[in-house]
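So the chains spell out like this:
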Amino acid sequence: MEALQPLSSQAHAVRVGEPLPFGICDAEGRLLLARGQVLQSQGQLEGLLDRGAFIHRDHAAEAVDRIRAARPQELPRLWSESAQQLGRVLKAQLDPHFEASLERAARPVVALVQRDPDMAILQVVQPPDTPVSNYANRHALHSAIAGQLAAQRLGWGDDAGKSLFRAALTMNLGMAELQNRLAAQVTPLTALQRQQLHEHPQRSVEILQAAGVNDPHWLQAVAPDHERPDGKGYPRGQGDLGELALLLNRVDAFTARFSARVIRQAMPADAAVRQFFAADPKSPHAAAIVKEFGLYPPGCSVRLKSGEAGIVMRRGATATTPVVAVLTTRNGDPLMQPVKRDTQQAENAVAAVLPAAAIKVRLPVEKLVACCAH
């Protein structure tokens, strides 16, 4: 349990008749009043002080408040902080408090997706500085982001969306170390590695159950992680999958296309989207993902018909008309400050997707965000 702070040290922050800025608990950490509840009288406050009450801080809720109040250019830092915290929780998968810790770490990430979906998509598409580092955690986060956006587009309720988000984060717990190793491996899979891949869905379920997870929808989405509707998947070759498992299967396959390994480059964004949809054009889940990301999703590098080059920062009115932060002139000269381009204008239409390395200019993402903010 986190160290408790006496209420008396922060009594000045409490106003009768106004929502509490923090929870209030007893010496054992049992919650007496939740954050946001209202004290009805000065006597009620004095009673809490007399009994030696303590502050109960909900750090996840405070993080969500910061995200909702943040300026657009502050969101990249908040994404980085939230992703790091989530990674620490996923690494400590055998912690007896894993489920509660994951719940706390997931809430700010969900808030970031809801606050700015374009910035969320950018996390998936834009290549990291070290492509194969922490591959397992990054792929889990990317799958959860894509799943959250697709579930919202499909009109799923909060409960289903929550189960899907947590299933995406934890579907590969049973092979996290192996995933990281394979991302940097240049030799073929060994027999043991193939066996571990085959067994990891059930291993992931066992880890979650040992951590006290009993949400049947969460577990039922993780168990058939690599099954296929045609029955050609693994580990059991079953084809009758639930809706959560079907969408999880799709976001897993889709987001993997944007992740590089030592032996393969990330796919160009437009090719990744087209190929993914062509593989299953009748799937409502695939259609929802493609509609959310568009043909030129935030995070991909593009050259415009004007000759300028830059990075897509926001989706536009259509799947082919994003908002771009231009970084080089038509002659290829670097710009000191990014320039916003709306590709709905014919002269600024997207001409091609570029490898990220093709644009040599490196400006802080905060500048790009501020340039293209609404």
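In the block above lies the structure referred to throughout.
Residues numbered from 1 in each chain as written. Predicted model: local features only at pLDDT ≥ 70, side-chain atom pairs only at ≥ 80, totals over all residues. Heavy atoms only, no water.

Another aspect to go through is the pairing of strand S8 (residues 334–342). In the sheet, strand S7 (residues 323–328) pairs with S8 via five bridges, with the strands oriented antiparallel. Bridge pairing links Ala325 to Lys340 in S8. Where S7 folds back onto S8 in an antiparallel hairpin, the turn is made up of five residues, including Gly332, whose phi is positive at roughly 90°. (Pairing = 2+ DSSP bridges. Helix = DSSP H or I, 4+ residues; strand = E, 2+ residues; numbered from the N terminus.)

As a packed pair, helix H4 (residues 98–115) and helix H7 (residues 158–170) sit with axes 11 Å apart at the nearest point and diverge in direction by 110°. One way to sum up the angle between H4 and H7 is to call them roughly perpendicular. Of the residues in H7, those in contact with Phe98, Leu102, Glu103, Ala106, Val109 and Val110 of H4 are Lys162, Phe165, Arg166, Leu169 and Thr170. Class assignment for the residues of the contact of H4 with H7 results in seven nonpolar, one polar and three charged. (Axes fitted to C-alpha atoms, helices over the stretch in contact; angles between N-to-C directions. Parallel < 35°, antiparallel > 145°, perpendicular 65-115°, else oblique. Contact = heavy atoms within 4.5 Å. Nonpolar A, V, L, I, M, F, W, Y, C, P; charged D, E, K, R; others polar.)

With that settled, the discussion passes to the sheet that holds strand S1 (residues 5–6). Strand pairing within a sheet occurs via backbone hydrogen bonds; the two strands may be parallel or antiparallel. If you walk across this open sheet you meet the four strands as S1-S4-S2-S3, and the pairing is antiparallel. Every interior strand has two partners, whereas the edge strands, S1 and strand S3 (31–33), have only one. Across two bridges, S1 lies against strand S4 (residues 54–56) in antiparallel orientation. What sits directly across from Gln5, in S4, is Ile55.

Bringing the pattern of salt bridges into the picture now. Side-chain pairing between opposite charges can occur once the charged atoms of the two side chains come close. Considering all chains together, one arrives at 15 salt bridges under this definition. The partner of Asp118 in a salt bridge is Arg314, with the nearest N and O atoms 3.0 Å apart. A residue pair is termed long-range when its members are at least 10 positions apart, and Asp118 in helix H5 (residues 117–125) and Arg314 in strand S6 (residues 309–314) qualify at 196 residues. What makes Arg314 buried here is its relative accessible area of 7%. In this structure, Arg203 and Glu206 form a salt bridge, with 4.0 Å as the shortest nitrogen-oxygen distance. (Salt bridge = Lys/Arg side-chain N within 4 Å of Asp/Glu carboxyl O. Buried < 20%, exposed > 50% of the residue type's maximum accessible area, 1.4 Å probe, protein only.)

Moving on, we get to the environment of Leu244. Following the sequence through the fold, Leu244 ends up in helix H11 (residues 243–256). Taking the C-alpha atoms as reference points, Leu244 and Ala221, separated by 23 residues in sequence, lie 5.5 Å from one another. In this structure, Leu244 is in contact with Trp156, Ala160, Ser163, Leu164, His217 and Ala221, ignoring residues within four places of it in sequence.

As a further point, take H4. The end-to-end C-alpha separation of H4 is 26 Å, in line with the 26 Å expected for 18 residues at 1.5 Å each. Among the residues making up H4, those that are buried are Phe98, Ser101, Leu102, Ala105, Ala106, Pro108, Val109, Val110, Ala111, Leu112 and Val113. (Expected span 1.5 Å × (residues − 1).)

If you walk through the whole model with that rule in mind, you get four aromatic pairs. With a centroid separation of 4.9 Å and an interplanar angle of 75°, the aromatic rings of Phe254 and Phe293 are classed as edge-to-face. With a gap of 39 residues between them, Phe254 in helix H11 and Phe293 in helix H13 (residues 284–293) connect regions that are remote in the sequence. Phe293 shares its class with Phe254; the two are buried. Ring pairing ties together the aromatic residues Phe254, Phe258, Phe276 and Phe293, which thus form one cluster. (Phe/Tyr/Trp six-rings, centres within 6.5 Å; stacked < 30°, edge-to-face > 60°.)

Turning to its location among the elements, Glu308 is positioned in the loop between strand S5 (301–304) and S6. Among the residues examined, Glu308 registers a relative accessible area of 10% and is labelled buried. At a separation of 2.9 Å, a polar atom in the side chain of Glu308 contacts the side chain of Arg341. Not counting chain neighbours up to four residues away, the residues in contact with Glu308 comprise Val302, Arg303, Val326, Thr328, Thr329, Arg330, Arg341 and Asn348. (Polar contact = N/O pair within 3.5 Å; in protein donor to acceptor, adjacent residues only side chain to side chain.)

Moving on, we get to the state of the cysteines. This structure, assessed with the given rule, holds zero disulfides. Of the cysteine sulfurs around Cys300, a residue in no disulfide, the closest is that of Cys372, at 13 Å. Under the relative-accessibility criterion, Cys300 is labelled buried at 5%. Cys371 carries a free sulfur, and the closest cysteine sulfur to it, the one in Cys372, is 3.8 Å from it. (Disulfide = S-S within 2.5 Å.)

At their nearest, the axes of helix H2 (residues 59–69) and H4 sit 9 Å apart, and the two run at 15° to each other. Judged on the interaxial angle alone, H4 and H2 are roughly parallel. Crossing geometry of H2 relative to H4 is assigned as right-handed. Between H2 and H4, the residues in contact are Ala60, Ala61, Ala63, Val64, Ile67, Arg68 and Ala69 and Arg104, Arg107, Pro108, Ala111, Leu112 and Arg115, respectively. When grouped by side-chain class, the residues that make up the contact of H2 with H4 number nine nonpolar, no polar and four charged. (Left-handed = near helix turned anticlockwise from the far one by under 90°.)

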